[in-house]
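Residue-level structural notes
The residues making up each chain are set out below.
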Amino acid sequence: MTDWPVARTRDEALVYLDLNPCECGSVETEWDSGVVSSGGALVKCYSGACEGCGSDREYLFSLPRREVMPSGWPTFGGPEPSQLLDAGEWLWLADFTAGNVPEDPENARRVLSMACAAVEEVLKFIPEGQDNVPAEAFWSARGREVREAEPPRFRRDRLLVVRDTYRELADR
């Protein structure tokens, strides 16, 4: 039986798919999703045709042990850290979204809510009683690059300030 990474929620899976473009470089794909049987296990399948080149794309994800009920938008997962995106990728997502806030107040709120939720995901990688995201929480090239650029950004105190700032801005 093959082990696939767990997609805790639809929102998390869609972020992962956006961060992993087609070989042609396009992220534009109209995704269909459903639970299918593969290798004797039930998995979540996302499939679609790349709008850039027409290639078929398909990703399989293990189901979470416990279903995560959405609690607003976005809902990336429960209390456990992600298996799809590492800590650096989540902070990259927060930086990217917060750096592209539209002027429209409603869309600005949604973008800042996503940035806030992405920082929350980084915080989940910090073990209880520790102050920093550990080195093993960075497994992707993008994630390691973000960490290497400024390691102190992965301290709990700094992450909490960033998260709270995004939350305050979203609430305005």
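Up top is the structure these notes are about.
Residues numbered from 1 in each chain as written. Predicted model: local features only at pLDDT ≥ 70, side-chain atom pairs only at ≥ 80, totals over all residues. Heavy atoms only, no water.

Glancing now at the overall build of the protein. When helices and strands are tallied, the protein shows five helices and three strands. Listing the helices and strands of the protein from first to last along the sequence gives α-β-β-β-α-α-α-α. For a compact globule of 172 residues, the expected C-alpha radius of gyration is about 16 Å, and the protein comes in at 17 Å, within 12% of that figure. Taken along its principal axes, the extent of the C-alpha atoms in the protein is 45 × 40 × 30 Å. Buried positions account for 41% of the 172 residues belonging to the protein. Within the protein, residue pairs in contact and separated by at least 24 positions form 64% of the contacts whose partners lie at least 6 positions apart. Summing over all exposed atoms, the protein offers an accessible surface of approximately 9900 Å²; the carbon and sulfur share of this is 48%. The centroid of the 19 positive side-chain charges in the protein is displaced by 5 Å from the centroid of its 31 negative side-chain charges. (Helix = DSSP H or I, 4+ residues; strand = E, 2+ residues; numbered from the N terminus. Rg over C-alpha atoms; globule rule 2.2 N^0.38 Å. Buried < 20%, exposed > 50% of the residue type's maximum accessible area, 1.4 Å probe, protein only. Contact = heavy atoms within 4.5 Å. Areas by Shrake-Rupley, 256 points an atom, 1.4 Å probe, with all protein chains shown as cover. Lys, Arg positive; Asp, Glu negative; His and termini not counted. Charge placed at Lys NZ, Arg CZ, Asp CG, Glu CD.)

Taking 1.5 Å per residue, twelve residues should reach 16 Å; helix α2 (residues 87–98) reaches 17 Å between its end C-alpha atoms and fits that length. Where α2 is buried, its residues contact α1 (10–19), α3 (105–123), α4 (141–149) and α5 (156–171). The residue sitting at the N-terminus of α2 and contributing the capping side-chain oxygen is aspartate 86; that oxygen lies 3.1 Å from the backbone nitrogen of glycine 88. (Expected span 1.5 Å × (residues − 1). Polar contact = N/O pair within 3.5 Å; in protein donor to acceptor, adjacent residues only side chain to side chain.)

With omega at -5 degrees, the peptide bond leading from tryptophan 73 into proline 74 counts as cis. Take proline 74: it is sitting in the loop between β3 (56–62) and α2.

Another aspect to go through is the environment of leucine 17. In this fold, leucine 17 is placed in helix α1. For leucine 17, a relative accessible area of 0% puts it in the buried group. Separated by 41 residues in the primary sequence, leucine 17 and glutamate 58 place their C-alpha atoms 9.8 Å from one another. Setting aside chain neighbours within four positions, we find leucine 17 in contact with Trp31, Tyr46, Arg57, Tyr59 and Phe61.

Right, let's talk about the side chain of threonine 75 for a bit. Among the structural elements, threonine 75 can be located in the loop between β3 and α2. In this view, threonine 75 contacts Thr9, Asp11, Glu12, Val68, Met69 and Pro70; residues no more than four positions away in its chain are not counted.

Time to look at the environment of valine 6. Along the chain, valine 6 turns up in the segment before α1. With 36 residues separating them along the chain, valine 6 and leucine 42 place their C-alpha atoms 12 Å apart. Not counting the four nearest positions on each side in its chain, valine 6 is found in contact with Glu12, Ser62, Leu63, Pro64, Gln83 and Leu84.

Here strand β1 (residues 32–38) runs beside strand β2 (residues 41–49); their pairing, made up of seven bridges, is antiparallel. Looking at β2, one finds that valine 35 is bridged to lysine 44. Hairpin connection, β1 to β2: the antiparallel pair is bridged by two residues, and glycine 39 has positive phi, about 60 degrees. Taking the residues between adjacent antiparallel strands as the criterion, β2 and β3 are bridged by six residues, where glycine 54 takes a positive phi near 85 degrees. (Pairing = 2+ DSSP bridges.)

Taken together, Val35, Leu42 and Leu63 make up a surface patch of nonpolar side chains, about 270 Å² in accessible area. Relative to the helices and strands, leucine 63 is located in the loop between β3 and α2. Owing to a relative accessible area of 35%, leucine 63 belongs among the partly exposed residues under this scheme. (Patch = residues over 30% accessible without salt bridge, like charges linked within 9 Å, V, L, I, M, F, W, Y side chains within 5 Å. Salt bridge = Lys/Arg side-chain N within 4 Å of Asp/Glu carboxyl O.)

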